[in-house]
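Results of the structural survey
Below are the chains, spelled out letter by letter.
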Amino acid sequence: MTASGAIWRNWGRTEQVRPLRVERPASAGAVQRAVAAAAASGLRIKPVGAGHSFTGIAVAPGVQLDLGDLSGVIDADVATGRVTLAAGTRLHALPDLLAPYGLALANMGDIDRQSIAGATSTGTHGTGLGFGGLATQIVAAKLVTGTGELIEVSETSRPDLLPAVRLGLGALGVLVEVTLQLVPRFVLQAVERVEPLEAVLQQWMARVAGADHFEFYWFPHTGTALTKTNTRLPADAPRNPLGAVSRWIDDELLANGAYRAICALGTVAPKTTPFFARQVDRLTGDREFTDFSPKVFVTNRTVRFREMEYAIPLEQVPAAFREVCDLIDRKGWKISFPIEVRAAASDENWLSTAYGRDTGYIAVHRYFREDPTEYFAAVEAIMRAHGGRPHWGKMHTQTDAGLREAYPRFDEFLAVRDELDPERRFQNPYLERVLGA
């Protein structure tokens, strides 16, 4: 346990707090003791992972639990493909941790800085209509409740709680272990193409249905989309990875270095943004490569940004996207960051953005030195008109009243919270806004 004094900031620089104290437990027992000590002091307590959420979901004004020391593989069963991980394990560590077992996550997003508990608790997802978000891979979990009790939730122990605990927003307890259903290690063939935007929108349903993993990006002020189509292959398939020089030029020099300079210039001279967007569009070429899945799913992102993402019914993506395009044009906004569009399968986790419906995701971004308020608010209005649900870890303005309408099992989730955290030991301002007091 340490007194704080230091200010904690999240990656996107949208949230900061100076905790009263910080604790770094290295075991489930230490977490239990920390929760009990917080209760004895009348303090609230919150775990923090990598700080990659743009919302205040991990903000801890009272006691901050840094779970970095809860890391690594606890148990692995190669026959069933099930691996138990300590909750603070970072996603970027998984390829090396899982390689000895020949296993991999079934799907991933394009960022791997998060902890496994943080990623699943906020609804992190990748793309691919045959795959749910990361939380759908959880088959069991251990967590410390608001009363300090260590409980196990699995298919045989309180299975009724699994749909809530898998994606619990940090509101139900402190996850200390998660058991994942993994798949045999596999290779992805990546095909990236620059295509006419309107053609991609017209073919949206066919493209997501016809590929293992499909997504696209659009730089505002251009007429083309960068499509990414990944095909799953067995682990022994021939690999043709990106060369070190090629990857550095495309992903570091252009995607991070030059792009950082363009974004910075856009903050002082916004009128230059459309010109540079067209140059980035022109320099982005087609490419194909084949490699183990994490090296294809994940992209190194060093340009700091802020993000809002909404989940809408899959078939409504083209219409909603066109409305956003029209909005940017009508307002005359100069937007330097691309819009990202992905898809995921319906699932049964109560607070999943894909609960009960095949889902399309539209994510908008702004450089972290630009004010996103007006842009995000206008896009949010469009998404809500299409039945949108906001990503729990990305910026939005919704409250419990609107979210209750969006989630059929919302009140059932609250009932679980009443059971596991009756004194609201894990409450913070964000959770009070989205779940109610």
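The shown structure was predicted, so the numbers you read here are calculated from the model rather than taken from an experiment.

Cut-offs and rules
- Residues numbered from 1 in each chain as written.
- Predicted model: local features only at pLDDT ≥ 70, side-chain atom pairs only at ≥ 80, totals over all residues.
- Heavy atoms only, no water.
- Helix = DSSP H or I, 4+ residues; strand = E, 2+ residues; numbered from the N terminus.
- Expected span 1.5 Å × (residues − 1).
- Buried < 20%, exposed > 50% of the residue type's maximum accessible area, 1.4 Å probe, protein only.
- Arc of directions from axis to C-beta.
- Contact = heavy atoms within 4.5 Å.
- Core = buried A, V, L, I, M, F, W, Y, C linked by side-chain atoms within 4.5 Å.
- Phe/Tyr/Trp six-rings, centres within 6.5 Å; stacked < 30°, edge-to-face > 60°.
- Pairing = 2+ DSSP bridges.
- Axes fitted to C-alpha atoms, helices over the stretch in contact; angles between N-to-C directions.

**Some details on helix α1 (residues 28-40)**
Relative to the 18 Å expected for 13 residues at 1.5 Å per residue, α1 spans 18 Å between its end C-alpha atoms, a close match to the ideal helical length. Along α1, the residues classified as buried are A30, V31, A34, V35 and A38. The arc that holds every buried residue of α1, seen down its axis, measures 140°, which confines them to one face. Those residues of α1 that are exposed and angled more than 90 degrees off the buried face are R33 and A40. For α1, the elements touching its buried residues are β4 (21-23), β5 (45-48), β6 (63-66), β10 (138-144) and β12 (174-181). Looking one or two residues past α1, G42 carries a phi angle of roughly 70°, positive in sign.

**So, helix α13 (residues 410-420)**
Since the α-helix advances by 3.6 residues per turn, residues separated by three or four positions end up pointing in the same direction. Within the span of α13, buried status applies to F410, F413, L414, V416, R417 and L420. An end-on view of α13 places all buried positions within 155° of arc, on one side of the element.

**Quick word on unusual backbone geometry**
Positive phi, normally seen in glycine, also occurs at R13, with a value near 60°. The topology assignment puts R13 in the loop between β2 (8-9) and β3 (16-17). For R13, a relative accessible area of 36% puts it in the partly exposed group.

**What about the nonpolar core?**
By size, the foremost hydrophobic cluster in this structure holds 57 residues, and its most contacted members are L351, W392, F413 and L435. Per element, the largest residue contribution to this core is 5 residues, and it comes from α13. Counting 33 residues, the second-largest nonpolar core is a separate cluster that includes L201, V324, I328 and I335.

**Quick word on the packing of aromatic side chains**
For the coordinates displayed, the defined rule picks out 13 aromatic pairs. Between W204 and F214, the aromatic rings sit 6.3 Å apart at their centres with planes inclined by 55°, giving tilted as the arrangement. With W204 in helix α6 (residues 204-209) and F214 in strand β15 (residues 213-218), this pair connects stretches of sequence that are 10 residues apart. Every member of this aromatic cluster is reached through a ring pair, and the members are W204, F214, F216, W218 and F321.

**Structural notes on the sheet that holds strand β14 (residues 186-196)**
Here we have 8 strands laid out as an open sheet, ordered β17-β14-β16-β15-β19-β20-β18-β21, and antiparallel in their pairing. Two strands close off the open sheet at either side, each with one partner strand: β17 (287-292) and β21 (389-390). Strand direction decides the pairing type here: β15 and strand β16 (residues 224-234), joined by 6 bridges, are antiparallel. By the bridge assignment for β16, F216 is matched with T227. The strands that helix α10 (residues 317-331) touches are β15, β18 (305-313), β19 (339-344) and β20 (359-367); relative to β19, the one it contacts most, it runs at about 170°. Taken strand by strand, helix α11 (residues 373-385) contacts β18, β19 and β20, and its axis lies near 10° from that of β18.

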